[in-house]
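Below are the chains, spelled out letter by letter.
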Amino acid sequence: GSAIVSEKFGEGKKEEANANFSFLVYSLMVLSFVLALIGFFLTPSIATWLGADGELKDDCFLYGRILFIGLPFFALQVAFQSFFVVAEKPKLSFLVNLIAGLTNALLDYLFIGVAKWGLEGAAIASVIGQAIGGLVPVIYFLRKNSSILRLGKARFSWSVLGKTCSNGSSEM
């Protein structure tokens, strides 16, 4: 998606670039939420299919379901790493991800070490870190900012979505 948005900026089509950026971010929000719901409900089946049983299966249910709740945040965090570069703000990307990671580490210590929440605490700490990494950029790009990108009115485009998915498939 960042390649498509960059291309539009390179062509001098700033409005179209921001419309595509907004469309891709909003689409990611919807898709990751749907996948999170599916994953949440399929966690027991997935764990069983992978051969988990007994206490391991219970732990898989607990940890997997909590992490699926955080999937939309995680997806946004990963996507914004590229979009921050397009927005000419790579240092801001680094800072947001650093704060998200440090938050996760600090909360791991507090939830696991101090509060004794164990595996559940580790999962909750991860989701909170991901929420910071995913929501801070959303807030940044929704507001007036000093970058070339801004979330606003989106323009639905199968073509943009198709190009994004086909170009992004190389990372798999």
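Worth saying up front: this structure is predicted, and the values here are computed from it rather than measured.

*Asks:* Now, about the overall build of the chain: what can you tell me, with residues and values included?
*Replies:* Counting secondary structure elements, the chain contains 7 helices and 0 strands. Counted from the first residue to the last, the chain has its helices and strands arranged as α-α-α-α-α-α-α. Viewed in the frame of its principal axes, the chain has a C-alpha envelope of about 60 × 35 × 25 Å. Here the chain holds 172 residues, and 34% of them are scored as buried.

*Asks:* Tell me what's going on with the environment of Ile-38, and back it up with residues and numbers.
*Replies:* As for its position among the elements, Ile-38 is in helix α2 (residues 14-49). Along the chain, Ile-38 and Phe-68 lie 30 residues apart, while their C-alpha atoms are 8.8 Å from each other.

*Asks:* So what's going on with the packing of aromatic side chains? Which residues, and what values?
*Replies:* Applying the stated rule across the entire model yields 13 aromatic pairs. Ring centres 5.5 Å apart and planes at 15° place the aromatic pair Phe-80 and Phe-141 in the stacked group. Here Phe-80 is found in helix α4 (residues 71-86), whereas its partner Phe-141 is found in helix α6 (residues 118-142), with 61 residues between them in sequence. Assessed through its relative accessible area of 1%, Phe-80 is described here as buried.

*Asks:* How would you summarise the nonpolar core if you had to cite specific residues and measurements?
*Replies:* Counting 21 residues, the largest nonpolar core has Val-5, Phe-21, Val-25, Phe-80, Phe-83, Phe-141 and Leu-149 as the members making the most contacts within it. Contact partners of Phe-141, with chain neighbours within four places excluded, come to Phe-21, Phe-80, Phe-83, Phe-84, Ala-87, Ser-147, Leu-149, Arg-150 and Leu-151.

*Asks:* Lay out helix α5 (residues 90-114) with the relevant residues and their values.
*Replies:* Between its terminal C-alpha atoms α5 stretches 35 Å, which fits the 36 Å expected from 25 residues at 1.5 Å a residue. Three or more residues of α5 are buried, namely Ser-93, Val-96, Ala-100, Thr-103, Leu-107 and Phe-111. Among the structural elements, α4 and α6 are those in contact with the buried residues of α5. Positive backbone phi, at 60°, marks Lys-116, one or two positions downstream of α5.

*Asks:* Outline the side chain of Gln-130, listing residues and values.
*Replies:* Here Gln-130 is to be found in helix α6. Accessibility expressed as a relative area gives 16% for Gln-130, which makes it buried. The contacts of Gln-130, once residues within four sequence positions are left out, are Gly-70, Phe-73, Phe-74 and Gln-77.

*Asks:* So what's going on with the pattern of salt bridges? Residues and values would help.
*Replies:* Applying the stated criterion to the full structure yields 4 salt bridges. In this structure, Glu-11 engages Lys-13 in a salt bridge whose closest nitrogen and oxygen atoms are separated by 3.4 Å. Here Arg-155 ties to Glu-15 by a salt bridge, and the two come within 3.8 Å at their closest N and O atoms. Linking Arg-155 in the loop between α6 and α7 (158-168) with Glu-15 in helix α2, this pair joins segments that are 140 residues apart in sequence. By relative accessible area, Arg-155 is classed as partly exposed at 40%. Salt bridges here are not isolated pairs; linked through shared partners, they connect Lys-8, Glu-11, Lys-13 and Glu-16.

*Asks:* Please give an account of the packing of α5 against α6 that cites residues and values.
*Replies:* Where α5 contacts α6, the axes come no closer than 8 Å and their chain directions differ by 160°. Of the possible angle classes, the one that applies to α5 and α6 is roughly antiparallel. In terms of crossing hand, the pair formed by α5 and α6 is right-handed.

Criteria and thresholds
- Residues numbered from 1 in each chain as written.
- Predicted model: local features only at pLDDT ≥ 70, side-chain atom pairs only at ≥ 80, totals over all residues.
- Heavy atoms only, no water.
- Helix = DSSP H or I, 4+ residues; strand = E, 2+ residues; numbered from the N terminus.
- Buried < 20%, exposed > 50% of the residue type's maximum accessible area, 1.4 Å probe, protein only.
- Phe/Tyr/Trp six-rings, centres within 6.5 Å; stacked < 30°, edge-to-face > 60°.
- Core = buried A, V, L, I, M, F, W, Y, C linked by side-chain atoms within 4.5 Å.
- Contact = heavy atoms within 4.5 Å.
- Expected span 1.5 Å × (residues − 1).
- Salt bridge = Lys/Arg side-chain N within 4 Å of Asp/Glu carboxyl O.
- Axes fitted to C-alpha atoms, helices over the stretch in contact; angles between N-to-C directions.
- Parallel < 35°, antiparallel > 145°, perpendicular 65-115°, else oblique.
- Left-handed = near helix turned anticlockwise from the far one by under 90°.

Everything listed is a geometric property; what it means functionally is a separate question.
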